[in-house]
Each structure stands twice: as structure tokens, then as C-alpha cells.
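Overview (structure and organization)
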There are 2 protein chains.
Amino acid sequence: MAVKKVGRGSFKQQISDDLRQQIADGTLEAGAKLPTEAQLTDQYGVTRGTVRAALEILVNEGLIISARPVGHFVRDRKPMIFRPQAEFRPRPYTPEMDAFMTENASRDADQDIEVSIVEPTAEVTKRLQLDAGELVVSRRRVRHLDGEPFNLNDSFYPLSIVQDSAIMRPDNIPEGANEVLAALGYRQERAIDELYVRMPTPDEVRRLELLPGTPIGYHICTGYTEAGKPVRVAITVLPGDRHVISYERRREAPSDEA
Amino acid sequence: MAVKKVGRGSFKQQISDDLRQQIADGTLEAGAKLPTEAQLTDQYGVTRGTVRAALEILVNEGLIISARPVGHFVRDRKPMIFRPQAEFRPRPYTPEMDAFMTENASRDADQDIEVSIVEPTAEVTKRLQLDAGELVVSRRRVRHLDGEPFNLNDSFYPLSIVQDSAIMRPDNIPEGANEVLAALGYRQERAIDELYVRMPTPDEVRRLELLPGTPIGYHICTGYTEAGKPVRVAITVLPGDRHVISYERRREAPSDEA
DNA sequence: CAGTGGTCTAGACCACTCT
DNA sequence: GAGTGGTCTAGACCACTGT
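Residues numbered from 1 in each chain as written. Chains lettered and ligands numbered in written order. Predicted model: local features only at pLDDT ≥ 70, side-chain atom pairs only at ≥ 80, totals over all residues. Heavy atoms only, no water.

Further remarks concern helix α3 (residues 48-60) of chain A. An α-helix turns once per 3.6 residues; consequently, residues spaced three or four apart project the same way. The end-to-end C-alpha distance of α3(A) is 18 Å, a good match for the 18 Å that 13 residues give at a rise of 1.5 Å each. Here α3(A) has its buried residues at Val51(A), Ala54(A), Leu55(A), Ile57(A), Leu58(A), Val59(A) and Asn60(A). Structurally, α3(A) contributes buried residues whose contacts are with α1 (11-24), α2 (37-44), β1 (64-67) and β2 (71-74) of chain A together with α3 (48-60) of chain B. Looking one or two places after α3(A), you find Gly62(A), whose phi comes out positive at around 80°. (Helix = DSSP H or I, 4+ residues; strand = E, 2+ residues; numbered from the N terminus. Expected span 1.5 Å × (residues − 1). Buried < 20%, exposed > 50% of the residue type's maximum accessible area, 1.4 Å probe, protein only. Contact = heavy atoms within 4.5 Å.)

As C-alpha cells, then:
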């Protein structure tokens, strides 16, 4: 080997550490092309397999992408899309003193809707407190921005309460599904929100066209009537490379301490 | 090869798809031991390298862990720790109708604190609107639960306003850093919150002892005085396998639509 | 066509743990 | 010592793209 094993770690760790450092300090800037596998093989005096193992680490960290057969490139930084979700915005949002989130004002929005009657997953069954065998209406949507998939929004309703309503039509609902539910006598007065952070499933990778190393935020919102009956579960999948969840607050809950 | 290449995908894709399916449908339940690499090598009629590539996919999806030299195991599902952050809880939390988040009531809590005067990162400089060369006081904390690192909470203050205050002491601040700031004439009246979802840096992996395939939530809270002067940046790193962010709401912002 | 990365083979040696 | 996974070598063939 041309290079001796200095410091700790395996060869692939050393190589990926080197490249990560170059990305961090700007030697390799966003969009820049990395050396080819052959060049790295020569440079470090290891075999191609070892070089590929090092690059794979960086791919899985979301730092680089492989654009076959052109080469590896430093991944562009998050587009800094600003998308305040209502649930993350307890107070009206006012755009001041936050120059860092003023990008992406308005762009072409679009969505695909797919409505079906399905057996609910355990996740949905539990939150809707369904009996065994009870079916739900599923409204699955892929929201697009400028033609690219942007997030997923799947809502589930007990079939028993939305049967034959506008919720079952595979169109946009101008007044909003919540108003339809309210007209049916199930106005939502409370909601419980949960946010998970995890790696995507292959299905989510496909629907959102995710690159390797892209984690997601998994947001589950369960809506309840005043009587405490759950009537709706909405699951939003937010790709980490396309979303910044942001909101402003005024006092009263002085935040993270410390 | 003993197994023919049915359907799509490479051998490693087929193998990881098979195993992922078995994990999803419960054939392999949480904590179960996977077949050894040698067994999978025989079973699929490929070389060990191919089997390892398949397992690596599942590791990076956070589905399995490798416990050398014992074997690979299905990763335990998130401990479902419930930690409402103040900023995600616009209304007081009431524990009702949510049996799915009642675990982990009270456990041993602990934290390490490390205070220093540092040159701020670009991220902090921008949010604190600092001049070039201006220094900050950094309070870096690792919070532990039952002896395990649970999350990171790093706060940054302009050196010019907290010099010689209790904020610079590497102890817990009983009344809270925010009260100290207020006593210094910098009471925070507004805050901007941002939440990013991404893979961890090696430093975050080390501080939080993260397993491969564990993404993080990266929460930045910038606090402002009434006059609009930023006085504090708090960065919280929440490991995806240890956190569920959860809160309850009542009406007024009827959520995710759809 | 040459050059890129994607996949796979068939070995090898190592560190570690358990028996 | 046997068995596990971690790392690495030294090849091979393929699909795709650009010249």
C-alpha cells in the first residue's frame, strides 16, 4: 500500500473522513465533482472496492450522490423550502428578522389524489380506535412542486362515517375535507400530533423519488370530535432534503431552556 | 447460482427485499436474530460479499443492527419515549385518548455541561446577526436518560451580553438561562423555530452513540428581544430512534387539510 | 469507442466472543 | 478452537453516457 494506516480507523474510514472534511471546509463545494473511483484508488493505494465502500458511507450520510456514469458529486444543500404547517404555527407567522427563510415564495403546486377503501394498517386502526375488520377510506396524495414530488399526505377516515360523502370522490375538495366531516356531524375539535424521524421505506422512496441518505419526517395527526371520537388520521411524509419546518412564536412558553 | 434472478433488481436487492418483508410481516420480530451471513450465502447461492451488501442496506435503513461477533438482529422499535417540547405544545398537554404515548413516565435524568468561548459557526453567526470576529459563549449539553445519551442541547449567546454572568459557569442554572438573560436586560419575547431532518455528522454519532441508519431531528430556536435583537440560539439534536415529538391541540388551526 | 460507476466472484486475514 | 462479522484484495462483466 502506498499510504500507511495513520491514526485510527480503517482505510475506508480514512478516505471518507478526508472527503467529508473537504466538503465541510469548502474544498469541495456543493455540486462539485469528486475524483473518480480510479483516481481515488491510485491516490490512496487501495483497491476499488475499498474506495467504493468509502464513497458509500458519504452517500448514506446524504453528503454526495452518484450520477452514473458521470461520477460522484457533492450534494446540493437543501433548497431551504419554507413550508409552515399549520400545526407548527401556534401564532400567525410574520415574516420579519428571518432573512434565512424567505426563499421559494410561490411556485407551481399540484397534487395527485387516489381514493380507495382499504383495510387499515395497525397504525391507523389504533388511532381511529376501530373494531377488527372495520374498513377505512384512504385518500392518498402526492403533492408536487414544480413537477417534483414534494411530500405525501395520506388521510384515513372510518368508512362508516364518510360513506357516500364528498370525501370518497378522487377530486380536490374545495371546502376542505374537514368541513365535509363537520357537515356530517363530526367536527374536529382536538388533535394529537406526533412527529417521528426515520429512514424511508422503499415505497416512500419510490413515491417521493428520494435519493439514498435522505431521512424523512413522519407526521401523524389524529383529529377528534368534542366527544373524543377519532374521525381522521392524516399522515404526512416530509423528505428531509426538501423541507424545513418553521414557525414563529411569541412568549409564554420560553422554549428549550439552557 | 442456485437461485435464479426472478423479478427485478440485483441479488442484493432481492435478498434485502426478502428480509425486509419478513421484518414487516413479523416473520422476523423485533430482537430476532437473522440468519448468519454464511447461511444466507448458502440459501441464496451468492458470495458472502453480496449477502453483506444486502445486510448493509437494511442497516442503513435502520431496520437491523450488527452485533459483532454474534450476528445481525432486528432492531428494536423506537422506545416510544414521550418528550413534549414546549415549542411543540401550544396548548397544555392533557393525557387522554392517547394510550399510545403513555410509556416512559419518569426515569433517571442527568446532563453533562461544557461551557466555552468560541468562534461561532456560520449557522450561529447568521442567526445572532454577529459582526465578523465576534465571539460567542457556547453551552454544550448532553442530556442522559438512564445513563444513555438522549439528546444534545447546545446554546449560544453573544459574548458581549453574557460576559461574567451565570451563563458562563459550567453548572446547571437553577432559575434557567432565560431568566439570567432577562435580568441582564435581554428578555426574550419572540422566537423563530426551525426543524431540519437529516443524517447525523460523525460528531453527533459520537456524542449520542448513534447506530447506523439513525437520522436526527435538528431543531434551531432563535430567541429575540422585543426590540428584535437576537440574543440566543439553541440547537437541539433529537435522535430519531429515541424521540417522538408529540403534542395536543384544540381547534382554531384545523391541521393538515385533506 | 473509452470511461464511468454498479454488481459480483473467490478468495484472504483479522478481532472478537463463546464454549 | 470454532464461529461470527469487519475489512480488503484482485480480478471480472455489465449498463450507460459522451466523444
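Having seen the structure, we can now continue with the description.
With that settled, consider the protein's contact with DNA strand C. Near DNA strand C lie 18 residues; those nearest to it are Arg48(A), Arg52(A), Phe11(B), Thr47(B) and Thr50(B). Counting only the atoms of DNA strand C that lie within 4 Å of the protein, the sugar and phosphate share comes to 70%. Within the backbone of Pro69(A), an N or O atom sits 3.5 Å from a sugar or linking oxygen of DNA strand C. At a separation of 2.6 Å, a phosphate oxygen of DNA strand C approaches a polar side-chain atom of Thr50(B). A class-by-class count of the residues in the surface near DNA strand C yields 5 nonpolar, 7 polar and 6 charged. (Near = heavy atom within 4 Å. Polar contact = N/O pair within 3.5 Å; in protein donor to acceptor, adjacent residues only side chain to side chain. Nonpolar A, V, L, I, M, F, W, Y, C, P; charged D, E, K, R; others polar.)

Moving on: the protein's contact with DNA strand D. For DNA strand D, the set of nearby residues contains 18 residues, the closest of which are Phe11(A), Thr47(A), Thr50(A), Arg48(B) and Ser66(B). Backbone sugar and phosphate groups make up 69% of those atoms of DNA strand D lying within 4 Å of the protein. At a separation of 2.6 Å, a phosphate oxygen of DNA strand D approaches a polar side-chain atom of Thr47(A). Contributions of two or more residues to the surface near DNA strand D are made by α1 and α3 of chain A together with α3 and β2 (71-74) of chain B.

Bringing the confidence of the model for chain A into the picture now. Residue and element names in this part refer to chain A. Of all residues in chain A, 79% have pLDDT values of 70 or greater, and the mean over the chain is 81. Within the model, pLDDT remains below 50 along residues 1-7, and this stretch shows 11 contacts once partners closer than five positions in the same chain are excluded. Every residue in residues 79-106 scores below 50 in pLDDT, and together they form 71 contacts with partners more than four places removed in sequence or on other chains. (pLDDT = per-residue confidence, 0-100.)

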